[in-house]
Structure formats: C-alpha cells, structure tokens
Amino acid sequence: MNHTHAAPTPPLGWNSWDCYGAAVTEAEIRGNADYMAEHLKEYGWQYITVDIQWYEPLAHSSLYRPFVPLIMDEYSRLMPAENRFPSAVGGLGFKPLADYVHSLGLKFGIHIMRGIPRQAVHAGTALLGTEATARDIAHTNSICPWNTDMYGVDHNKEGAQAYYDSLFELYASWGVDLVKVDDIAASRLYDTHQPEIEMIATAIQRAGRPMVLSLSPGPAPVEYAAFFAEQANMWRVTDDFWDRWPLLLDMFDRCRTWQGVPKEGCWPDCDMLPLGHIGIRSVDGGGADRWTRFTPDEQLTMMSLWSIFRSPLIFGGELRDNDDWTLSLLTNREVLRMHRESHGAREALRQGDLIVWTAEHADGSTYVAVFNVGEQHVLPVEIDLKTVGLSASVVRKGTELWSGDAAKVDGDILHADVPSHGVRLYLLA
C-alpha cells in the first residue's frame, strides 16, 4: 500500500484544538461534523479530527494537567475518556464516533502523542503481540518538554514495533482515517524522532487501512524533506500558528524555504487556520474566547498563501458559529481548485513590501498572488509579467479570485491596488 494514496491532494478538514484545546467533547465533534457535511463537504472538506488528550477525563483547556491518570486498556493503549465520549463505553473506543462521521460521508482523525504512556511504564503493563512490557520498550530519557503523558519508545528494544503495530491495528479497527502524531517532527530537546516516525509508518502499512500520517510540531527541518516525504503525508513547517500578524508574515519565509517540496501524498503543513470563533476552551495563542484577531485582509492573505503553496487546510474555529464571511473563505471554488490542482508554486518576486507567488495549472493558466506585507494602507503595484515568469502574449483574460473582478492587464503589465496586509489573487488564462 503506497502511503501517497492516502493524500493525493492536500487534506481539507477541521481540528478541535484552536477552539477547544484538550477538552473537546463527543457532542462538539458530532456537531462540527454535521456542519461540515451540510455546508463544506461539497467543496472537498472531509476530515474531522479529535485533537490531544481525548484519553484525559478531566482535561479542561489547552493547559495540560501534569502526571494525571489516563484512560488505558490492558495492552498499554490509551482509550477515549467515556465521560467525554459516551459512545466509547464498553471498550468500543472511537469506533461509534468514527462510524457516525463516516455516515455523513466524511473522514475521521485523531491526535496522539509519540511514545507510550508513562503510567503504563511505571506499572509495567502488558503489550499486545509480544512478551515485552511497557517498561521494557520505554526510552525514559526521551520525554516531551510540554506534556507529561508519554515516554518515548526505544526502537532498539524487543517489542517496540509490536507496540506501535498494536496501536494502529486498534485505530484501523475503529475506522481512523488520519493520525496526527505530536512531539515527533521537531523537538527542542532531541531533533526529529526519525526512528519512531519509521515505526509508525511501518505500523500504518501493516494495519492495512489507508491513514493520513500528519507529523507535529514544527518547524520540521527542511534538510529532512526527503525523509518526511518518504514516511509521512503532512508535516508541520512551523510551531503552533495563531492569529497574530508577525506569525503570518513569518510564514512567507517558511513557504519559500519549502517551495518545490509539495507533491502528491507529501504536504508541508503551515498549521491550522485560526479563523472564526476560536479560544472557547483553548487559552493557547495568547487569547481567551474570541473571534479571530486577523483582519479580513489578513484572513485573505492567509488563505491565499496556504492555498497557492498547497498546505493542508485545517480549520480551527467552531464551525457552527461561522458567519457568512468566514464560510465564504472556505467555499471559494476557484481558490479550492488552485489548492487542489495547481503545481510549481514559488515566490517569484520579493521587493520591499511586495511579495508575489505564482503557480501553474495543467490547462495552461497561471495563478499570481500579489501580497502587500507592509503597513502602508494601499500599495499600488505594476507588475511586469515577464519578471515573474509569464509571457503576456498568452494572457487573454484574468480574474481576481476572491472578488470576481476582472484583472487589469495592460500589455505586459498587471495593475493592482493591494491593501495593507492584504492580497490580490489572480487567475490569468
């Protein structure tokens, strides 16, 4: 089973972190799935992902309670907390919830932490498919700097692969379609955990169910690009991304660093879209319950950069609270077509406050994203299309994709007025 088949195009979905932190409930998952099925599925949105600590009964925000008891089966595998996920009662795990998401025509994802539960290691509990115990395979010096749930797994130990195989066998039985593995792509302490990534990729292959493998956090080292592309489907190029302009401005450098890497099955990930109603129980990102702090122009800039670069698009807000504006950002068919079908995205020009990205479509048309990252209110620009790699002689017409307005092309020159922190995104045919 070729792992690229799990994500031939960049995934589109929703994740619970930006609005609910570690404290999302089954009712909230089902409610967001219902919304996606009704309003977004026809546009290609499909993944519903339960983020971190679904196995922690008393999780209440994005702040983790250290060294607390977690819900676990007899084989050292974490299980959903039944007080938060009632359909998991009786050892059913996430299968009933995944079945519900699938009944809507959507796909189901979960977040896990790299490694094995510390409580399993301390208790020396059993592992499925091996005589080894949790204590035998643990790498107790390999810890997460920001969460106390797990120890790393030592790939040299007998039983290490069997443990990961048992995890993904369980997830396959539940019907999981995407697994976001955290504390693995980059670490302040240990660099990238390549042996555990390889064990996880092997376990997915053995489980026999296609699953998107998503690696966090970032910034993943670009020198490992070939390794990530071989093992995973998406990997974070940034630490947690939130609704602050300096983080968005920084993403232009990150996308430039990774340009040329996105391809079928392999998607450098700019992280979630902190749009709409966020921070409901998540205090991460320096804010409480709020609507996104990004201005409308900044929201268009983020959606345009993520889409032309072909990052996965994972929405972070409470979908059911979306207003018409937020919904419009997720349902622009031409922008989504660019995200799904374009290729060759690159930074074509950077000059002062002006940044231009271009990409191609197989039908011969070209996308041009013109960004004003400066503080000046409106930047009037005249772009010689030849300087960004286009031949004006084949440009017959153009459209600005967010507004639907006709592009102003005069010979070789594209004219645009771009607001501060804003964008004009063109399809030139």
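As shown above, the structure is provided for reference.
Residues numbered from 1 in each chain as written. Predicted model: local features only at pLDDT ≥ 70, side-chain atom pairs only at ≥ 80, totals over all residues. Heavy atoms only, no water.

A word on the sheet that holds strand 19 (residues 408-410)
- Read from one edge of the open sheet, three strands run 17-20-19, paired in antiparallel fashion. Sheet topology places strand 17 (378-384) and strand 19 at the edges, where each strand pairs with a single neighbour. Sheet twist, expressed as the average angle between the axes of neighbouring strands with direction ignored, equals 25 degrees. (Pairing = 2+ DSSP bridges. Helix = DSSP H or I, 4+ residues; strand = E, 2+ residues; numbered from the N terminus. Axes fitted to C-alpha atoms, helices over the stretch in contact; angles between N-to-C directions.)

Brief notes about the packing of aromatic side chains
- This structure, assessed with the given rule, holds 19 aromatic pairs.
- Ring geometry for Phe 94 versus Trp 174: centroids 5.6 Å apart, planes at 85 degrees, classification edge-to-face. Highlighted residues: Phe 94 in the loop between strand 2 (47-50) and helix 3 (95-103) and Trp 174 in helix 6 (residues 160-174), separated in sequence by 80 residues. The burial state of Phe 94 is the same as that of Trp 174; both residues are buried.
- When the centroid spacing of 6.4 Å and the interplanar angle of 55 degrees are considered together, the rings of Tyr 224 and Phe 228 count as tilted.
- Residue class for Phe 228 comes out buried when judged on its relative accessible area of 0%.
- A network of ring pairs unites the aromatic residues Trp 54, Tyr 55, Phe 85, Phe 94, Phe 108, Phe 168, Tyr 171 and Trp 174 as a single cluster.
- For Arg 30, the ring lying beneath its charged end belongs to Tyr 100, and the centroid distance is 4.5 Å. (Phe/Tyr/Trp six-rings, centres within 6.5 Å; stacked < 30°, edge-to-face > 60°. Buried < 20%, exposed > 50% of the residue type's maximum accessible area, 1.4 Å probe, protein only. Lys NZ or Arg CZ within 6 Å of the ring centre and 35° of its normal.)

Let's talk about unusual backbone geometry
- In this structure, the amide linkage connecting Ser 216 to the following residue, Pro 217, adopts the cis form with an omega of -15 degrees.
- Take Pro 217: it is sitting in the loop between strand 8 (212-215) and helix 8 (225-231).
- The amide bond that connects Gly 218 to the next residue, Pro 219, takes the cis arrangement and shows omega of 0 degrees.
- Along the polypeptide, Pro 219 turns up in the loop between strand 8 and helix 8.
- Notably, Asp 183 is not glycine yet its phi reads approximately 60 degrees, a positive angle.
- For Asp 183, a relative accessible area of 2% corresponds to the buried category.

Details of the pairing of strand 1 (residues 12-15)
- A two-sided burial pattern is seen for strand 1, the buried positions comprising Leu 12 and Trp 14 on one face and Gly 13 and Asn 15 on the other.
- When strand 1 meets strand 13 (residues 313-315), the two strands line up parallel, connected through three bridges. Looking at the pairing, Leu 12 lines up with Leu 313 of strand 13.
- Here strand 1 pairs with strand 2 via three bridges, running parallel.

Some remarks on helix 2 (residues 26-39)
- Spanning 14 residues, helix 2 covers 20 Å between terminal C-alpha atoms, matching the ideal 20 Å at 1.5 Å per step.
- Residues of helix 2 that are buried include every one of Glu 26, Glu 28, Ile 29, Gly 31, Asn 32, Ala 33, Tyr 35 and Met 36, and no others. (Expected span 1.5 Å × (residues − 1).)

Some details on the packing of helix 9 (residues 245-258) against helix 10 (residues 296-309)
- Viewed as axis vectors pointing N to C, helix 9 and helix 10 meet at an angle of 15 degrees, and their least axial separation amounts to 11 Å. For the element pair helix 9 / helix 10, the angle class is roughly parallel. For the element pair helix 9 and helix 10, the recorded crossing hand is left-handed. For the pair helix 9 and helix 10, the contacting residues are Trp 245, Leu 248, Met 251, Phe 252, Cys 255 and Trp 258 in the first and Glu 298, Thr 301, Met 302, Leu 305, Trp 306 and Phe 309 in the second.
- For the contact of helix 9 with helix 10, the class distribution of residues is ten nonpolar, one polar and one charged. (Parallel < 35°, antiparallel > 145°, perpendicular 65-115°, else oblique. Left-handed = near helix turned anticlockwise from the far one by under 90°. Contact = heavy atoms within 4.5 Å. Nonpolar A, V, L, I, M, F, W, Y, C, P; charged D, E, K, R; others polar.)

Digging into the environment of Glu 38
- Positionally, Glu 38 belongs in helix 2.
- Sequence separation of Glu 38 and Tyr 163 is 125 residues, and the distance between their C-alpha atoms is 38 Å.

Some words on the sheet that holds strand 5 (residues 138-143)
- Across the sheet, which stays open at both edges, the three strands sit in the order 4-6-5 with antiparallel pairing between neighbours. Each end of this open sheet is capped by a strand with a single partner; those strands are strand 4 (116-117) and strand 5.
- Note that strand 4 and strand 6 (residues 150-153) share two bridges and pair antiparallel. When the bridges of strand 6 are listed, Ile 116 appears paired with Tyr 151.
- Its contacts with the sheet place helix 6 against strand 4 and strand 6, and it is angled at close to 120 degrees to strand 6.

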